[in-house]
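Architecture at a glance
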Amino acid sequence: MSQASQAVRNRGRASAPSGARSGRPPEQQDDQSAALRRRAQNRRARRETLFGYAMVASALVVVVVFTVAPILASFVLALFKWDAISSPEFVGLDNFDALLSDESVTHSLLVTSGLAVIIVFLQVALGLGLALLVAQRASKIVQHLFRAAFFLPMLASAASISIVMAYVFNDQFGVINYYLDLLHLPEVSWLSSTGGATATIVLVAVWQQLGFTFILFAAALGSVPGDVLEAAQIDGASPARMFWRIKLPLISPTVLFASTVGLINTMQLFDQPYVMTKGGPGESTYTTVLLVYRTAFQNLQFGYASAISVVLFAVLLIITAVQFTVSRKWVFYS
C-alpha cells in the first residue's frame, strides 16, 4: 500500500465520529449523554437542597436560642422566687397572685396601652396619607427618594435616637426650646411635664417607625389594579370615593398587618421611656417593659419580673386574637 493511500485512510479514521470509532449506534450514545446530564442535574439539585437546609437550620438555631428559649425560660422562671444570688425557690403561682394587687403593674399596662393606641393610630394614618400623597403627586424618582428618606431612621437603633432626642427636647438647653426662645414663643416643658413627656415619646416613636408603614402602604397602593381605578374614573367617582370604596378595601390586609405589627412593637416600648424620661415625670411614661427591667435588674426579683412578662405576653396574644377576629368584617382578601 502506498504512503498516500495510508495517509488518506488515517485522516478518515481521525475525522470519523466517536460513535463510529466505538462501534456504538448514535441512539445509544444520545441516551448515555442524556443520562450523564440528568446525573449532573441531580447532583446540582442535591447541593442546592443541602445549602437551603443549612440556611434554614442556621436561622432556626438563631430563633430557638434568642427567642424560643428565653420565652420558655420566662414561663418557667415565673414559678420561682430568685434573686440571682441564692438558689431559686419554687413558689408556684404566688408571683401571679401578687400581680393582682400590684398597682404598678396595672398602671404600667394602662400607660403602655394608651401609648400604643396613639402611636399605632398615628403611624398607620400618617404612613397611609404620605403614601397616597407620594403615589398621586410624585414621579418614580421622587417616590424612591421619599422611601429612602423615611426609611433611614429605622436603620439607627432606638436607644441612639432616644439619646439624641433627649438633648433635642431638653427643657434647659434643647434645640427646640432654643428656637422657640428666638421666635419669642413660650418654652415647652417637653420632658418635665406629664403631657410634654408623653407627647415627646409619641413623636419620637412615630417618627422612627413611620418609614416602615410608609413603605408598606406605598407597595400596597402600587399593587392596586389600574384598570379598576380607570373604570371608577370613567364612572365619575371622586378621589375620596375611590379611596374609601376601592383603594382602602383592596389594601385592607396591609392595614391589618401594619396595625398588628405596630401594636406588638409598641406594647414592648422601652428605649424611649428609659433613655428620655426614666418613666417620669412621676410614672406618666412608666411602661410595662420598663417595669420588668427595673424589677429584674434593679430589685433582683427575676421570678416576679418573669411573671409580669408572661402577663404582657398573654395581653399581646389576646389583643392580636381580637384584631384578627374583628378583621373578618373589614379585611378583604383578593
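What this report covers is the structure whose coordinates are included nearby.

Quick notes on the rules
Residues numbered from 1 in each chain as written. Predicted model: local features only at pLDDT ≥ 70, side-chain atom pairs only at ≥ 80, totals over all residues. Heavy atoms only, no water. Helix = DSSP H or I, 4+ residues; strand = E, 2+ residues; numbered from the N terminus. Buried < 20%, exposed > 50% of the residue type's maximum accessible area, 1.4 Å probe, protein only. Contact = heavy atoms within 4.5 Å. Areas by Shrake-Rupley, 256 points an atom, 1.4 Å probe, with all protein chains shown as cover. Core = buried A, V, L, I, M, F, W, Y, C linked by side-chain atoms within 4.5 Å. Phe/Tyr/Trp six-rings, centres within 6.5 Å; stacked < 30°, edge-to-face > 60°. Axes fitted to C-alpha atoms, helices over the stretch in contact; angles between N-to-C directions. Parallel < 35°, antiparallel > 145°, perpendicular 65-115°, else oblique. Left-handed = near helix turned anticlockwise from the far one by under 90°. Nonpolar A, V, L, I, M, F, W, Y, C, P; charged D, E, K, R; others polar. Polar contact = N/O pair within 3.5 Å; in protein donor to acceptor, adjacent residues only side chain to side chain.

Digging into the overall build of the chain
Counting its secondary structure elements, the chain contains 15 helices and 2 strands. For the chain, the residues scored as buried account for 33% of the 334 residues in total. A fraction of 66% describes how many contacts in the chain between residues 6 or more apart in sequence connect residues 24 or more apart. When the accessible surface of the chain is summed, it comes to about 20,700 Å², and 66% of that surface belongs to carbon and sulfur atoms.

A few points about the nonpolar core
The biggest cluster of nonpolar side chains holds 43 residues, and the ones touching the most others in it are V105, F217, I251 and I308. Of all the elements in the fold, those that place two or more residues in this core are helix 5 (103-137), helix 9 (194-222), helix 10 (226-234), helix 11 (239-250), helix 12 (252-266), helix 14 (288-297) and helix 15 (302-327). For this core, the leading source of residues is helix 5, giving 10 residues. Those residues in contact with I308, other than ones at most four positions away along the chain, are L99, V105, T288, L291, V292 and T295. Counting residues in each nonpolar core, the second largest holds 9 residues, with A166, V168, F169 and M276 among its members.

Focus on the packing of aromatic side chains
Two numbers describe a pair of aromatic rings. These are the distance of the centres and the angle of the planes. Across all of its chains, the model carries 12 aromatic pairs by this definition. Where W82 meets F302, the ring centres are 5.4 Å apart and the plane angle is 45°; that geometry is what we call tilted. On the criterion of sequence distance, the pair formed by W82 in the loop between strand 1 (80-81) and strand 2 (89-90) and F302 in helix 15 is long-range, its members being 220 residues apart. Here F302 falls in the buried class, since its relative accessible area comes to 16%. Judged by centre distance (5.2 Å) and plane angle (70°), the ring pair of F169 and W190 falls under edge-to-face.

Focus: the packing of helix 14 against helix 15
For the pair helix 14 and helix 15, the least separation of the axes is 7 Å and the interaxial angle reads 165°. The pairing of helix 14 with helix 15 is recorded here as roughly antiparallel in orientation. Read as a crossing pair, helix 14 and helix 15 show a hand that is left-handed. Contacts from T288, V289, L291, V292, T295, A296 and F297 of helix 14 reach helix 15 at F302, Y304, A305, I308, S309 and L312. Across the contact of helix 14 with helix 15, the residue classes break down as 10 nonpolar, 3 polar and no charged.

Describing the side chain of S162
Following the sequence through the fold, S162 ends up in helix 7 (residues 158-168). Of the polar contacts made by the side chain of S162, one reaches the backbone oxygen of A158; its length is 2.6 Å. In contact with S162, other than residues within four places in its own chain, are D271, Q272, V275 and M276.

Comments concerning the environment of V206
Position of V206 among the secondary structure elements: in helix 9. Separated by 85 residues in sequence, V206 and F121 place their C-alpha atoms 9.5 Å apart. Not counting residues within four places of it along the chain, the set of residues in contact with V206 comprises I119, L122, Q123 and L126.

Focus on the side chain of Q208
Mapped onto the secondary structure, Q208 falls in helix 9. The exposure class assigned to Q208 is buried, which follows from its relative accessible area of 5%. Here the side chain of Q208 touches A156 through a polar contact of 3.2 Å, landing on its backbone oxygen.

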